[in-house]
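Letter by letter, the chains look like this.
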Amino acid sequence: MTRLSAYFLPTVKEAPADAEAVSHRLMVRAGLVRQLGAGMWSFLPAGWRVHRRVEQIVREEIDRIGGQELLLPLLQPAELWRRSGRYGIDELFKLEDRRGADLVLAMTHEEALTSHVANEVRSYRDLPLILYHFQLKERDEPRPRAGVLRTREFVMKDSYSFDRDLEGLDASYEKHVSAYDAIFDRCGLEWYRVESDVGAMGGFGAHEYMAPCAAGENEVALSSAGYAANVEVASAEPRPVADLPEPLAAPEPVDTPGATTVEQVAGMLEVPHGALVKAMPTITESGEAVLVLLRGDHRLNEIKLHNALGEPARPARVAEVAERFGSVPGFIGPVGARTRVLADEALRGLRGLVSGAGEADRHLRGVEPGRDFDAEWVDVRTVEAGDRCPAGAEIRLEPAIEVGNIFKLGTRYSEPLGATYLDESGTEHPVWMGSYGIGPARIMAAAVEQYADERGISWPRSIAPFDVELVRLGGADEEAARVADDLYGELRDLGLDVAYDDREIRPGEKFADAELLGCPLRVTIGRRGVEAGEAELQVRRGRESANVALAGAAEEVLERWRRLP
């Protein structure tokens, strides 16, 4: 029984002052969630209903591909994370128990489940396996924001596949691709599956599922040819530089007093930004000095640089530029460089470029890669709108929310944690693994972002907190109340999940709350309708209304509900 007169649904008119994302504003206003602290959110009854509906869709699709549900602990021995090499991750919560033992609050569960598999799996006959659970994750997020989109604690479904070899892993991965495609279709989202970086998970292959919306913290590169990739890893043919300067036989120095930025140099020499060589002195985590080169109109992609170097890196400090690179800050260039040089592929083949001369207030004209300096060619730039995908179609960039990810881990965790099996001949091999995550709260937020209007949330039918909201107008002693009570029972008997607004408040407040909560279909029973023998039906998305006869109204509501998206 869900009568709103006794239901904890604290709707509010004003959104939190710090709420920027539509989902943040509306989920608070609709009484779905409340903030307890920075990055810590409580799901109230209606919000938790949505979360559980998403969970059930996920559960059904993972079960369909052979997944077996279990539950792993949130609190884990730190030793497992030391063995996997992930104990040093900044976002990992670390603590001690009363005996001084080191523990962690898991941000994901590769270590825990791999440890169990290492202890229990012995033979090839025990494989393949797909194991999954829904569990809290804890991350010491430095900048919680956007309501439930970036938090310090959240529920995630993560499943793990365990196979004999790469061929088996590929098969498990494709099973999860089909399951995830079905999940996001059933949740009613617009989504993309895009190539992505493996990040802290490790491994050698990954895709993310992205739901496009303005509040997205990620950008995806898309093209009409079907190309889709997170900008963290996207590659594309850059737009050519228009009006490059004429090539010169050799670099020529030119005075550029006080010009230390691309904008200043380009303006002073009257050349396009793309004619400049942007030189970035960099120090790797291991202490190596590396000069990274980009076209002047391009941006560095730090994840690509990390992957190219094989380790993290940071910008060189002012003193290091002089000491390690032998140059003046703001005027550094590749000609005569005494360090390792990495040049982005977009510079390859260009002539007539401008670079720093290595001394104060001076640049060089007519610089030519390959002739005037040698470099290792890498892809370390961020793709831009208007670039061309590998198939030649124009790239566009779109903000999106990451709602799921899948990784080919290989033996990244099985080797350090000792997860092996014996084949038919008794030879020992490491287990091959995959990891597959989905965030139900992110799916909720993405649905709000994609379908909300000026009046509130408009849920897809499959994940709405209630199938139907029944609104009674008038007092409890009126005939409309008896009719509404009867209809409430009939709708529930037909299997519909109904929120019955029987509160003694003004009709305008009831309608405002109904549109804010966003159930797919609203049924209104009032005195005038009862006298006419009718009930009003309103579809939330688009707010299309129609009257139906009270006789047989329950069956008509069910039929209308079944046709909703």
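Novice: Explain the pattern of salt bridges to me, please; I cannot follow it from the model alone.
Specialist: Two side chains with opposite charge may pair up if their charged atoms get near one another. Taken as a whole, this structure holds 47 salt bridges when the rule is applied. Two residues, D467 and R53, come together in a salt bridge whose shortest N-O distance is 3.1 Å. Residue D467 is found in the loop between helix 10 (440-451) and strand 25 (468-472), and its partner R53 is found in helix 2 (residues 45-64); the two are separated by 414 residues along the sequence. E376 is the salt-bridge partner of R340, the closest N and O atoms lying 2.8 Å from each other. Of this pair, R340 sits in strand 17 (residues 340-344) while E376 sits in strand 20 (residues 376-378), and the two are 36 residues apart along the sequence. A relative accessible area of 35% means that E376 is categorised as partly exposed.

Novice: Is there a simple way to think about the environment of V104 in this case?
Specialist: Considering the arrangement of structural elements, one finds V104 in strand 6 (residues 102-105). Separated by 17 residues in the primary sequence, V104 and Y87 have C-alpha atoms spaced 8.6 Å apart. Aside from chain neighbours lying at most four places away, what touches V104 is L74, L75, Q76, A78, W81, Y87, L92, F93 and L95.

Novice: What am I meant to see in the packing of helix 11 (residues 479-493) against helix 14 (residues 553-562) here?
Specialist: Two measures define how a pair of helices packs: the angle their axes make with one another and the distance between the axes. Following both chains from N to C, one finds helix 11 and helix 14 inclined at 50 degrees, their axes separated by 9 Å at the closest point. One way to sum up the angle between helix 11 and helix 14 is to call them oblique. Where helix 11 crosses over helix 14, the handedness of that crossing is right-handed. The residues of helix 14 that touch helix 11, namely those facing L487, E490 and L491, are A553, A554 and V557. Partitioning the contact of helix 11 with helix 14 into residue classes produces five nonpolar, no polar and one charged.

Novice: When you look at the sheet that holds strand 6 in this model, what are you seeing that I'm missing?
Specialist: Whether parallel or antiparallel, the strands of a sheet pair through hydrogen bonds between backbone atoms. In spatial order, the strands read 4-6-5; together these three strands make up an open sheet with antiparallel pairing. A strand with exactly one partner marks an edge of an open sheet, and here the two such strands are strand 4 (75-77) and strand 5 (93-96). Shown here is a sheet whose adjacent strand axes are inclined to one another by a mean of 35 degrees, direction ignored. Across three bridges, the pairing between strand 4 and strand 6 is antiparallel. If you follow L75 over to strand 6, its bridge partner there is L105.

Novice: Mind showing me how you'd approach the sheet that holds strand 26 (residues 498-501) here?
Specialist: Pairing is mixed in the open sheet, where five strands are placed in the order 26-25-27-28-29. The open sheet has two edge strands, strand 26 and strand 29 (545-549), and neither has a second partner. Taken over all neighbouring pairs, the strand axes of this sheet differ in orientation by 25 degrees on average, direction set aside. As paired strands, strand 28 (residues 534-539) and strand 29 are joined by five bridges and run antiparallel to one another. By the bridge assignment for strand 29, Q538 is matched with S545. Helix-sheet contacts for helix 12 (residues 507-517) involve strand 25, strand 26, strand 27 (521-525) and strand 28, and the interaxial angle to strand 25 is about 175 degrees. Each of strand 25, strand 27, strand 28 and strand 29 is contacted by helix 14, which is oriented at about 145 degrees to strand 29, the strand it contacts most.

Novice: Quick question: what am I supposed to make of unusual backbone geometry here?
Specialist: Apart from glycine, the bulk of residues carry a negative phi angle, and the bulk of peptide bonds sit in the trans form. For the bond running from L127 to P128, omega is 5 degrees, close enough to zero to count as cis. Within the fold, P128 resides in the loop between helix 4 (110-120) and strand 7 (129-138). The backbone phi angle of A146 is positive, close to 60 degrees, even though this residue is not glycine. In this fold, A146 is placed in the loop between strand 7 and strand 8 (153-163). Its identity is not glycine, yet D243 carries a phi of approximately 60 degrees, on the positive side. Position of D243 among the secondary structure elements: in the loop between strand 12 (228-230) and strand 13 (252-255).

Novice: Even after reading the chapter, I still don't get the side chain of E449, so can you show me in this structure?
Specialist: The topology assignment puts E449 in helix 10. Of the buried charged residues, E449 lacks a salt bridge, with R25 as the closest side chain of opposite charge at 7.2 Å. Only 2.8 Å separates the side chain of E449 from the backbone nitrogen of S23, close enough to count as a polar contact. If we ignore the near neighbours within four places in the chain, the residues touching E449 are A21, V22, S23, C213, A215 and I401.

Novice: Hey, could you run me through the packing of helix 2 against helix 5 (residues 166-186) in this one?
Specialist: The N-to-C vectors of helix 2 and helix 5 enclose an angle of 155 degrees; their axes lie 9 Å apart at closest approach. Relative to helix 5, helix 2 is oriented roughly antiparallel. The crossing of helix 2 and helix 5 is right-handed. Taking contact as the criterion, the partners of I57, V58, E60, E61, I62 and R64 in helix 2 are, on helix 5, H176, A179, Y180, A182, I183 and R186. When its residues are assigned to classes, the contact of helix 2 with helix 5 shows seven nonpolar, one polar and four charged.

Novice: So what exactly am I meant to see when it comes to the pairing of strand 14 (residues 277-284) here?
Specialist: Across a regular strand the side chains alternate sides, sitting on one face of the sheet and then on the other. Strand 14 sits mainly inside the fold: six of its eight residues count as buried. One ladder, built from seven bridges, connects strand 14 with strand 15 (residues 289-295); its direction is antiparallel. Bridge pairing links A279 to L293 in strand 15. When strand 14 meets strand 16 (residues 313-315), the two strands line up antiparallel, connected through three bridges. Counterpart to T282 in the pairing with strand 16 is P315.

The rules behind these values
Residues numbered from 1 in each chain as written. Predicted model: local features only at pLDDT ≥ 70, side-chain atom pairs only at ≥ 80, totals over all residues. Heavy atoms only, no water. Salt bridge = Lys/Arg side-chain N within 4 Å of Asp/Glu carboxyl O. Helix = DSSP H or I, 4+ residues; strand = E, 2+ residues; numbered from the N terminus. Buried < 20%, exposed > 50% of the residue type's maximum accessible area, 1.4 Å probe, protein only. Contact = heavy atoms within 4.5 Å. Axes fitted to C-alpha atoms, helices over the stretch in contact; angles between N-to-C directions. Parallel < 35°, antiparallel > 145°, perpendicular 65-115°, else oblique. Left-handed = near helix turned anticlockwise from the far one by under 90°. Nonpolar A, V, L, I, M, F, W, Y, C, P; charged D, E, K, R; others polar. Pairing = 2+ DSSP bridges. Lys, Arg positive; Asp, Glu negative; His and termini not counted. Polar contact = N/O pair within 3.5 Å; in protein donor to acceptor, adjacent residues only side chain to side chain.

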